Structures are given as structure tokens and as C-alpha cells.
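# Observations on the model geometry
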Amino acid sequence: MKLTKIAVVLVVSLLAFSLAACSAPNDSEADSASGNTDIAALLATQPKNTEEATELHQKLMQKENEILSGDSKLWEKVFLAANKDMPMIEDGKNYGDFLLDTIEGAKDQFSAEELKTLKTGAQQVKEIEDKLAALEKDFPGCGSSPSSGESVDASSAGMPNSAGAATSAGKFPSFQGKDLDGNEVTSDKLFSGSKVTVVNFWFTTCKPCVGELGDLEALNKELAGKGGQVVGVNSFTLDGDATAISEAKDILAKKGVTYKNVWFASSSEAGKFTSEMFSYPTTYVVDKNGNIVGDPIVGAITSPEQQKTLSKLIDQAIANSEG
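Residues numbered from 1 in each chain as written. Predicted model: local features only at pLDDT ≥ 70, side-chain atom pairs only at ≥ 80, totals over all residues. Heavy atoms only, no water.

### Observations regarding the state of the cysteines
- All chains considered together, the criterion is met by 1 disulfide.
- A disulfide bridge connects Cys 206 with Cys 209, and the sulfur atoms are separated by 2.3 Å. Residues Cys 206 and Cys 209 are joined through a disulfide that is right-handed, its torsion about the S-S bond being 75°. Residue Cys 206 shares its accessibility class with Cys 209, and that shared class is buried. (Disulfide = S-S within 2.5 Å. Buried < 20%, exposed > 50% of the residue type's maximum accessible area, 1.4 Å probe, protein only.)

And the structure:
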């Protein structure tokens, strides 16, 4: 994950109902109080070295996810209420401030109790983001592990998965679909027209997914000079969901993304392949013959180690295409 935090749209939405949602009210209140105490304790913690900072960073990120997943329907309303003309993704801005501003602008849509819940959660996110920024400043590199990038578990985001999709080798599933502007796209033509295609699976409310869009755009421009391309697949847009396509296009435009994003039927082989993703973002490298090269890149490509691995796979795909 980059040292400069990138404020993005909601980390998690459309979450599956948890067992906690079925608990008695008193249990829920107790859990909430306990959670607040845990957050306060984490915020007060002062790590002594990078290892301790990394562990603390991970725990704080988990707490942030828990805050936004605890009342998913409410947070989804906040996201939908966001002013489409305001920057939803802004470098250097605290994500909690973005949430608080959006909640204030849409306060008429919520009851007094809902506003209290949202404002409390947004304020906690703000405090967590401040702590994360401080950790990343004092202990560079604590926000990312050397072998993987930041990611969001697919099941936690309410998407079905069979924990078996992130597979290596074999052919990328063929499909007949469209890009987000409604133009016909077939996998055969998509892959055969490029020496290498980097296929990035993401979804609109996935923080690390949106956070790496700028890097993928830069990669697409780099690959253009080598006869390659980047292609995005937003899992929310499958089956041509008009609302999801509009929201995806809005975020892509705000991030300056020009590379093609496509959708296909969820019942197709490619759709089934997508439903089996166990983590987002996930990126595949495909040669001109439609063959998947190596293992998928699970997690954001923003870390140096992830970029190094991706670069090797790209070189291999180009060699396969030219051989």
C-alpha cells in the first residue's frame, strides 16, 4: 500500500449478514462498547519498531473494516448520497473527513439515531486514518507486507466465492460481453490483438481496488508501447447492471482511467470464474493466445514486490506471444 493514504469510497458494502446481527440488543451494545474500547487502546499504542507498527497497522485496518461493515445498509446509503461532482477519491485527504462531509450533506435522509451511528463511525475512521498516517510516517513500509498487497476478502464484501478461483495456468475463460460504453467485446479479439493483457478484477467499493487504479493506468500506458494493455473487470457490473456501470464509470473518470473495462454474463464461464474470486483486487496476466501466465497477483499491485512479480509475468507473456 502506498505511504500516502488515498481516500476512496466505502471500503466494504453489501456485506453478508453476520451472526452478530442476530444477537440480542444488549449483546450488541456490549459488543459495540467493547469495540470502542479496543479502538481506543489501539490508537493509544506506541510501537517500538517496524514489526510492532506493522501488526498495529493491520489491526487498525481491520477495525476500520468492522466499523463500515457493522451497518452496511446505512453506509451504502451514504455512498449513494455522495455528491457525484465532488472528488470521492482525493490524495492526502483523511477518509473520515470525506465520510463526515458526505453524511452532513445527506443528513435529511437519516433518522437521529442513524446519524448518531454514522457520525460516531466516521469519527472513529478519521482517528484511525490519522493513526495510520502517523505509523506510515514513523515506520515506512509498515502498511504493506513484502509478499502481498492490501486486499478485501470477497465473502466479507457479500460476494459468493468458492475459494478456488485464484488459479494459475490454463486458458482464461472465453466470453462475449461489452465495455462500459456498450461496445461489443469478445475475449478472442481482446487477447489476440495484444501481446499481453493484464486483467484486473475489482469492485467499486473496494478501497485497495480503487487505490491502485492510478498505477494500473500508468501500467496501461507503459504496455501500449510494448503491444500490451490493461483491462478491468468490475464484478458489480456483471450482467450489464446499469447502476453499477454508472458508478464504476464515475470512479474511473475521477481516477483518470482510460483503459477498457468490460462486463459479461454472470452465468458465463468467465462470470463463474469471477464469482470464485476469494480476494479483491486480483490481477491475471494473459498472453495473446488467451493463456493465463503464472499465478494471479492477489492484492493491490502498489507494493514494490507485487510490481516486481507482475513485471516478470508480463515479460513472460510477451515472450510467449513472440515465440
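### Thoughts on the sheet that holds strand E4 (residues 176-179)
- If you walk across this open sheet you meet the 7 strands as E5-E4-E8-E7-E6-E10-E11, and the pairing is mixed. A single partner strand is all that each edge strand has here, and the edge strands are strand E5 (184-186) and strand E11 (297-298). (Pairing = 2+ DSSP bridges. Helix = DSSP H or I, 4+ residues; strand = E, 2+ residues; numbered from the N terminus.)

### Here we look at helix H4 (residues 95-105)
- Looking only at H4, the buried set comprises Tyr 95, Gly 96, Phe 98, Leu 99, Thr 102 and Ile 103. Looking straight down H4, one finds its buried side chains confined to an arc of 155°; they lie on one side. (Arc of directions from axis to C-beta.)

### With respect to the environment of Ala 317
- In this fold, Ala 317 is placed in helix H11 (residues 304-322).
- Between the alpha carbons of Ala 317 and Lys 195 there is a distance of 7.1 Å; along the sequence they are 122 residues apart.
- Once residues within four sequence positions are removed from consideration, Ala 317 is found in contact with Lys 195, Val 196, Val 285, Val 286, Asp 287 and Val 293. (Contact = heavy atoms within 4.5 Å.)

### Examining unusual backbone geometry
- That bond from Tyr 280 to Pro 281 is cis: its omega, -5°, falls within 30 degrees of zero.
- Of note in the backbone geometry, Asp 239 takes a positive phi value of approximately 70° without being a glycine.
- By the element assignment, Asp 239 lies in the loop between strand E7 (228-234) and helix H9 (242-254).

### Remarks on H9
- Spanning 13 residues, H9 covers 19 Å between terminal C-alpha atoms, matching the ideal 18 Å at 1.5 Å per step.
- Between the side-chain oxygen of the N-cap and the backbone nitrogen of Thr 243 there are 3.2 Å, and the N-cap of H9 in question is Asp 241.
- Remark: Gly 256 follows H9 within two positions and exhibits a positive phi of approximately 75°. (Expected span 1.5 Å × (residues − 1). Polar contact = N/O pair within 3.5 Å; in protein donor to acceptor, adjacent residues only side chain to side chain.)

### Overview of the pairing of E7
- Taken across its 7 residues, E7 has 7 buried, putting it largely inside the fold.
- In terms of strand pairing, strand E6 (residues 196-202) meets E7 through 7 bridges, oriented parallel. Considered in E7, the bridge of Trp 202 is made with Asn 234.
- With 2 bridges connecting them, E7 and strand E8 (residues 261-263) associate as parallel partners. Across the sheet, residue Gly 232 finds its bridge partner in E8, namely Asn 261.
- In this fold, E7 hands off to H9, which returns the chain to E8; that crossover is right-handed. (Right-handed = clockwise from strand over helix to strand, strands pointing away.)

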